[in-house]
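The chain contents come next:
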Amino acid sequence: SYSLPFAALRFLPERWNASPAAYRRLYASMRNVVLSVILAAATLGLAITWWKPEVWGVQLLPYRGAVAVAFLGLPVVALVPFLQNAIAGRLQQHRAMGVAFLHAVVLAISVLGAWWGGLVGYYWMYAGSGILLVLFVARTVTKDLPPRERSTPSPGPLGLPRPIWRFGGFLFVLTFLAPYAALYVHYRLLESRGVEAAGWMQAAIGIGLSVRAVLGSAHPVFLTPNVNTGGTPEQRMKWANDFQMLFCLLAGLAVPPLLLFPDLAIRVLYAPSFAPGAAFVLIFVGSEVINLLGGTYQALVVAFDRMGVHTVNNLVAQVCVVAGAFWLVPSLGILGAGLSALAGPVYMLFATLVFLHRAYGLRMSRRALARTIWLITTLAAAGILGAMTRETPLQALGEKVGLYVLIVVGFWFLLTSEERGKAYALTQRWRPS
């Protein structure tokens, strides 16, 4: 989809601030291009699967039917995030989160389809229910907007301004770069430690991905649209700092219990046979959290249209991941893989902050910096305690409760007076009468 779902967050909020008519013109052009590209890709995939399926690899030949049905769901994969981001581009965050919730319902329905039809049933249910969701959401995006002006000339190729094509071109490089770096980490571990260790690592990675899926949903809905509505660099930096402070608070309250009981998380999401991966949950969850911390300020680099800097920094980050895996995995195993995965987000966080300071004179606020440091420190403490006591979690229950209380108290002292007032009002609202 040429990263047009992400481009919707970058370009539509500014058009929405200009006028609903300008928003509708750009939205319609982006929607048409996404639809054309994704339908062409799905059709090509179906054609190859039907006439020359060995192109995908002989290992998939027994699953030819599942591959074909999976391609039917490709429009849903592209259009759901595009439509959600288009709604977020109107600064309607709650409606955008509603689309995310409905997509989660579609995924749940698809799992039910797997019970009666296996993998093919899953893909059939996803494609069918997903297309219904796309039609419903697409109708609601523009129903309260003025009609599109048919006489408006196209501002660029296929009706898209050239900056959007340039934006998509930069991200097209990153679309393939990060997955291949991650695949190399897996390959290196498989090569040196075998498939069992790779399974344990994947379980730990899965916990980290779950954290990113939950906490990361706020970035595209609340952060990115607001820093792309316009304003001075200082105004946008203030919004990013405020977002970072709230994100640190939420992560600091939600993530430590997961790190204090990593074995339980592994058993719930996977199986007891994956329990050895619990020892490495901290490093993979930490990698995802630091990735989100850096993503707050990377949104500013994108908003300032410094895509070259963004791309180069990501290239260097992935080189760090690959180099780390090459040197560390053979000697350290899963720990080396985790350190390699951590290297990329750590580099991106520092490189982004350095660039913003040198190019625009922007700095992370003291309060945002204090909460960021406290969050990283407390996650490390919770993760170490959880890893050390993972085989006997209840015996250290008192220490874990005490550490969590300390974490909460630390965040309380870092709250502003306004935030404390809101917290007090919230407790009064839920207080039994």
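Residues numbered from 1 in each chain as written. Predicted model: local features only at pLDDT ≥ 70, side-chain atom pairs only at ≥ 80, totals over all residues. Heavy atoms only, no water.

With respect to the overall build of the protein chain
In plain terms, the rule: Helix numbers and strand numbers start at the N terminus; a helix is a DSSP run of H or I with at least 4 residues, a strand a run of E with at least 2. To get the radius of gyration, use the C-alpha atoms; to get the globule rule, take the number of residues to the power 0.38 and multiply by 2.2 Å. Here a residue-residue contact requires only that any non-hydrogen atoms of the pair lie within 4.5 Å. Values of accessible area rely on a 1.4 Å probe in the Shrake-Rupley scheme; residue burial ignores everything except the protein chains shown. Think of it this way: Lys and Arg go in the positive column, Asp and Glu in the negative one, and His and the chain ends go nowhere. A charged residue contributes its charge at one atom only: NZ of Lys, CZ of Arg, CG of Asp or CD of Glu.
Secondary structure summary: the protein chain contains 17 helices and zero strands in total. In terms of C-alpha radius of gyration, the protein chain reaches 23 Å, essentially the compact-globule figure of 22 Å for 433 residues. Projecting the C-alpha coordinates of the protein chain onto the three principal axes gives extents of approximately 70 × 60 × 55 Å. Of all intrachain contacts in the protein chain linking residues separated by at least 6 positions in sequence, the fraction that spans at least 24 positions is 78%. As displayed, the protein chain offers around 21,800 Å² of accessible surface, 69% of which is attributable to carbon and sulfur atoms. In the protein chain, 33 side chains carry a positive charge and 15 a negative one; their mean positions are 8 Å apart.

A few points about helix α7 (residues 195-215)
Just so we agree on the cut-off: For a helix, the expected span equals 1.5 Å multiplied by the number of residues minus one. Burial here depends on accessible area, computed with a 1.4 Å probe over protein chains only, as a share of the maximum for the residue type. Under 20% is buried, over 50% is exposed, and the range in between is partly exposed.
With 21 residues, α7 should cover 30 Å at 1.5 Å per step; its first-to-last C-alpha distance of 30 Å lies within 8% of that length. For α7, the set of buried residues is A197, A198, G199, M201, A203, A204, I205, G206, I207, G208, V211 and L215.

A closer look at the pattern of salt bridges
This is how the line gets drawn: Salt bridges, as used here, are contacts in which a Lys or Arg side-chain nitrogen is within 4 Å of a carboxyl oxygen on Asp or Glu.
Scanning the entire structure with this criterion turns up seven salt bridges. Here E419 ties to R371 by a salt bridge, and the two come within 2.3 Å at their closest N and O atoms. With a gap of 48 residues between them, E419 in helix α17 (residues 417-429) and R371 in helix α15 (residues 366-388) connect regions that are remote in the sequence. By relative accessible area, which is 22% here, E419 ends up partly exposed. Taking the relative accessible area as the measure of exposure, R371 reaches 1% and is therefore buried.

Things to note about the side chain of Q93
Position of Q93 among the secondary structure elements: in helix α5 (residues 93-141). By relative accessible area, which is 12% here, Q93 ends up buried. For Q93, the residues in contact, after removing those within four places along its chain, are V221, F222 and N226.

Some points on the environment of V69
Checked against the element boundaries, V69 lands in helix α3 (residues 64-72). The exposure class of V69 is buried, given its relative accessible area of 7%. On a C-alpha basis, the gap between V69 and L46 in space is 8.3 Å, while along the polypeptide they are 23 residues apart. V69 has contacts with V120, Y123 and W124, leaving out every residue within four places of it along the chain.

Some details on the nonpolar core
The condition that has to hold: Put simply, a nonpolar core is a bunch of buried Ala, Val, Leu, Ile, Met, Phe, Trp, Tyr and Cys residues held in one set by side-chain atoms that sit within 4.5 Å of each other.
With 59 residues, the main nonpolar core has V255, V285, Y297, L300, L356 and L375 as its most contacted residues. Ignoring anything within four residues of it in the chain, the contact list for L375 reads C248, A251, G252, V289, L293 and F411. Listed in part, the 39 residues of the second largest apolar core include F11, V33, I38 and M307.

Focus on the packing of helix α9 (residues 233-254) against helix α12 (residues 281-303)
Going by this rule: Between N-to-C directions, angles cover 0 to 180 degrees, with each direction set by a line fitted to C-alpha atoms, over the stretch in contact for helices. Working definition: roughly parallel below 35 degrees, roughly antiparallel above 145 degrees, roughly perpendicular at 65 to 115 degrees, and oblique for all remaining angles. Each crossing gets its hand from how the near helix is turned against the far one by less than a right angle, where anticlockwise is left-handed and clockwise is right-handed.
At a closest axis distance of 10 Å, the pairing of α9 and α12 adopts a crossing angle of 165 degrees. It follows from the interaxial angle that α9 and α12 lie roughly antiparallel. For the pair α9 and α12, the sense of crossing is right-handed. Touching R236, M237, A240, N241, F243, Q244, F247 and C248 of α9 are V289, L292, L293, T296, Y297, L300 and A303, all from α12.

Here we look at unusual backbone geometry
One can expect most non-glycine residues to show negative phi and most peptide bonds to be in trans. Notably, S3 is not glycine yet its phi reads approximately 60 degrees, a positive angle. Tracing the backbone through its elements, the reader meets S3 in the segment before α1 (4-18). S3 sits in the buried class, given a relative accessible area of 16%. For D305, which is not glycine, the phi torsion reads 60 degrees and is therefore positive. Here D305 lies in the loop between α12 and α13 (307-332). In this structure D305 comes out as partly exposed when scored by relative accessible area, which is 30%.

Concerning the packing of aromatic side chains
Here a ring pair, both rings aromatic, is described through the centre-centre distance and the interplanar angle of the planes. Stated precisely, the cut-off is as follows: Each pair of aromatic rings taken from Phe, Tyr and Trp, with Trp reduced to its six-membered ring, is defined by centres within 6.5 Å and is described as stacked if the planes are under 30 degrees apart, edge-to-face if over 60, and tilted in the remaining cases.
Taken as a whole and assessed by the stated rule, the structure comprises 15 aromatic pairs. Plain terms: the ring middles of Y27 and F82 are 5.8 Å apart, the flat faces sit at 10 degrees to each other, and that makes the pair stacked. Placement of the pair is Y27 in helix α2 (residues 20-51) and F82 in helix α4 (residues 74-88), with a sequence separation of 55 residues. In this pair, the class of Y27 matches that of F82, namely buried. Measuring from ring centre to ring centre gives 4.6 Å for F304 and Y360, while their planes differ by 45 degrees; the resulting arrangement is tilted. Taken together, the residues F304 in the loop between α12 and α13 and Y360 in helix α14 (residues 334-360) connect sequence positions 56 residues apart. With relative accessibility at 24%, the residue Y360 sits in the partly exposed group.

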